[in-house]
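Residues per chain are reported as follows:
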Amino acid sequence: MFDQKFITEALNRSAENPMDRRILFRAAGIAGIGGAAALLASSPAQASREAEKPAGAPSDGAILNFALNLEYLEAEFYLRAVTGRGLDDDLTDGKGPRGGVTGGSKVPFKPGSLIEKYAKEIAADEKSHVKFLRTALGGAAVSRPQIDLEASFTAAAKAAGLIKAGQKFNPFADETSFLLGAFIFEDVGVTAYKGAAPLIDNKTYLEAAAGILAVEAYHAGIIRTTLYARDLQMPAQAISDARDSLDGSTDLDQGIGTKDTANLVPTDGNGIAFSRSAGQVLNIAYLTPKAVREGGFFPKGVNGDINTSANSS
């Protein structure tokens, strides 16, 4: 049913580089066709999609590793907000340089706060995403890159006009600051997974990515709804405008509405959420409209083959 040539080519496309391919070949037992076929969960339709993939398109492994970088960022943000500490060391190693995390502390949530309950649930989900992606990637998983949760938020808040020159923005200072900090990148995760979906060939990976996308959308909905309930429409719009200024000339990003009209679910005219390319996502993560490989939340860049922001200026 699956010949040696097809399996070898499919494994090549699913791995991020030659070393990853060797790892996958060993895992699949390439001499045994049945084992490799089971690993890929392939079908004739899958073979057709593989054949149609444009030359130079990122591999499934590269896409999952790009997502893992973003999950590291979200997990570190939420875990520090609710526990005062981040990921355990055994969840941060892998390929590429492992970096530390600057900033982050336990948010002084009010007693019985609903926001704290939301934050704890989201933190647990993000940690689970890190675990899942690392397991799916195995030895090909990248390590946690250096993450900045201090100067990056100040720069983002300044760009949005939330603070003035010389001031600092600490998303861990109080509940309102925490919500605004979460909003800076929460919507970005949703658009990142949607933008990556058409590039994923393996159905098993695609289903998993769709599941994570759904969870990220729930998270974004919680943050947007809570911001709206607190009448934080103006700062939310300022953050949305700042994101839009980074990822290109098209006005895609949306705030949460006005006091008279809610816009809790950002969609186009067809009721469909919009997408961002990996480059556009990194424009926001690096806090620049230029094509660079580091900056903002990732001072030394992300790990993996997908690491350069788009030239959106």
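This text follows the structure it describes.
All residue numbers here refer to positions counted from 1 along the written sequence of the relevant chain. The predicted origin of the model limits local features to residues at a pLDDT of at least 70 and limits the giving and counting of side-chain atom pairs to 80 or more, whereas totals for whole chains, interfaces and linings rest on all residues. Note: side-chain values were computed over all heavy atoms of the structure, leaving out hydrogens and water.

What follows is about the overall build of the protein chain. Every helix listed is a DSSP run of H or I at least four residues long, and every strand listed is a run of E at least two residues long, numbered separately from the N terminus. Along its length, the protein chain carries eleven helices and two strands. If you list the helices and strands of the protein chain from N to C, you get α-α-α-α-α-β-α-β-α-α-α-α-α. Note on classification: 1.4 Å probe, protein chains only; a residue is buried when its accessible area is under 20% of the maximum for its type, exposed when over 50%, partly exposed between these limits. Residues classed as buried in the protein chain amount to 48% of the 313 residues present. Throughout, the Shrake-Rupley method with a 1.4 Å probe supplies accessible areas, and for residues the shown protein chains are the sole cover considered. In the form shown here, the protein chain has an accessible surface area of approximately 14,100 Å², with 56% of it arising from carbon and sulfur atoms.

Positive phi is not limited to glycine here, since D231 has a value of about 55°. Take D231: it is sitting in the loop between α9 (203-229) and α10 (233-246). Exposure remark for D231: the relative accessible area of 47% places this residue in the partly exposed category. In this model, L287 sits at a positive phi of 60°, which is unusual for a non-glycine residue. Here L287 lies in the segment after α11 (278-285). Overall, L287 belongs to the partly exposed group, its relative accessible area being 23%.

Let's shift gears to the nonpolar core. Only buried residues count toward a nonpolar core, which is a set of Ala, Val, Leu, Ile, Met, Phe, Trp, Tyr and Cys residues joined through side-chain atoms within 4.5 Å. Grouped together as the largest cluster of nonpolar side chains are 71 residues, with contacts concentrated most on F77, Y78 and F178. Of all elements in the fold, only α5 (60-83), α6 (114-137), α7 (151-159), α8 (175-196), α9, α10 and α11 reach the threshold of two or more residues within this core. Residue contributions to this core peak at 15 residues, all from α5. Here, residues are in contact when the closest pair of their heavy atoms is within 4.5 Å. Those residues in contact with F77 that lie beyond four places of it in its chain are L149, F153, P171, F172, F178, G181, A182 and F185.

Bringing the pattern of salt bridges into the picture now. We count a salt bridge whenever a side-chain nitrogen from Lys or Arg sits within 4 Å of a carboxyl oxygen from Asp or Glu. Following the criterion strictly, the structure yields twelve salt bridges and no others. For the salt bridge of E76 with R144, the shortest nitrogen-to-oxygen distance reads 2.8 Å. On the criterion of sequence distance, the pair formed by E76 in helix α5 and R144 in the loop between α6 and β2 (147-148) is long-range, its members being 68 residues apart. Between D253 and R276 there is a salt bridge whose closest N-O contact spans 2.5 Å. Of this pair, D253 sits in the loop between α10 and α11 while R276 sits in the loop between α10 and α11, and the two are 23 residues apart along the sequence. Residues D253 and R276 agree in their burial class; the two are buried.

Let us now look at empty space enclosed by the protein. Think of a 1 Å grid over just the protein atoms. A cavity is a set of points where a 1.4 Å probe fits yet cannot get out, a pocket is an open set with protein on both sides within 12 Å along at least five of seven lines, and lining residues have an atom within 4 Å of a point. Grid points are joined across faces, edges and corners, and a volume is the space filled by probe spheres set on the points. Within this structure, the stated rule accounts for two cavities of 30 Å³ or more. By volume, the largest cavity amounts to about 120 Å³. Around the largest cavity, the lining residues are L70, L73, E74, F185, V188, G189, V281, I284, A285 and F297. Breaking the lining of the largest cavity down by element, the ones donating at least two residues are α5, α8 and α11. Counted by class, the lining of the largest cavity contains eight nonpolar, one polar and one charged residues. Here the second largest cavity is characterised by a volume of approximately 90 Å³. As for the second largest cavity, its lining consists of A156, A157, A159, A160, I184, I239, A242, R243, L246, I284 and L287. Listed by contribution, the elements that provide at least two residues to the lining of the second largest cavity are α7 and α10. When residues of the lining of the second largest cavity are assigned to their parent elements, the largest contribution, four residues, is made by α10. The residue classification treats Ala, Val, Leu, Ile, Met, Phe, Trp, Tyr, Cys and Pro as nonpolar and Asp, Glu, Lys and Arg as charged. All others, Gly included, are polar.

Within the fold, A236 resides in helix α10. A C-alpha to C-alpha distance of 5.7 Å links A236 and G255, two positions 19 residues apart in sequence. Once residues within four sequence positions are removed from consideration, A236 is found in contact with F183 and I256.

Turning next to α5. Residue count minus one, scaled by 1.5 Å, sets the expected span of a helix. Between the first and last C-alpha of α5 there are 33 Å, a value that for 24 residues agrees with the 34 Å anticipated at 1.5 Å per step. Of all 24 residues making up α5, 23 are buried, and the element is well covered by its neighbours. At the exit of α5 stands G84, carrying a positive phi of roughly 85°.

The contact between α6 and α8 brings their axes to 13 Å, and the two run at 35°. Here the hand of the crossing between α6 and α8 comes out left-handed. Judged by residue contacts, I115, A119 and L133 of α6 engage E175, F178, L179 and Y193 from α8. Residues belonging to the contact of α6 with α8 are distributed by class as follows: six nonpolar, no polar and one charged. Note on method: axes are straight lines fitted to C-alpha atoms, helices fitted across the in-contact stretch only, with angles between N-to-C directions ranging 0 to 180 degrees. Handedness of a crossing is defined here by the sense of rotation of the near helix relative to the far one, left-handed for an anticlockwise turn of less than a right angle and right-handed for a clockwise turn.

This part takes up the packing of aromatic side chains. Note on aromatic pairs: each is described by the distance of the centres and the angle between the planes. Note on aromatic pairs: the rings of Phe, Tyr and Trp (six-membered ring only in Trp) are paired at centre separations within 6.5 Å, and the planes decide the class, stacked below 30 degrees, edge-to-face beyond 60, tilted for the rest. For the structure on display, the rule yields ten aromatic pairs. Arranged with centres 5.5 Å apart and planes meeting at 5°, the rings of F77 and F178 form a pair that is stacked. Placement of F77 in helix α5 and of F178 in helix α8 is noted, with a sequence separation of 101 residues between them. Ring centres 5.1 Å apart and planes at 85° place the aromatic pair F77 and F185 in the edge-to-face group.

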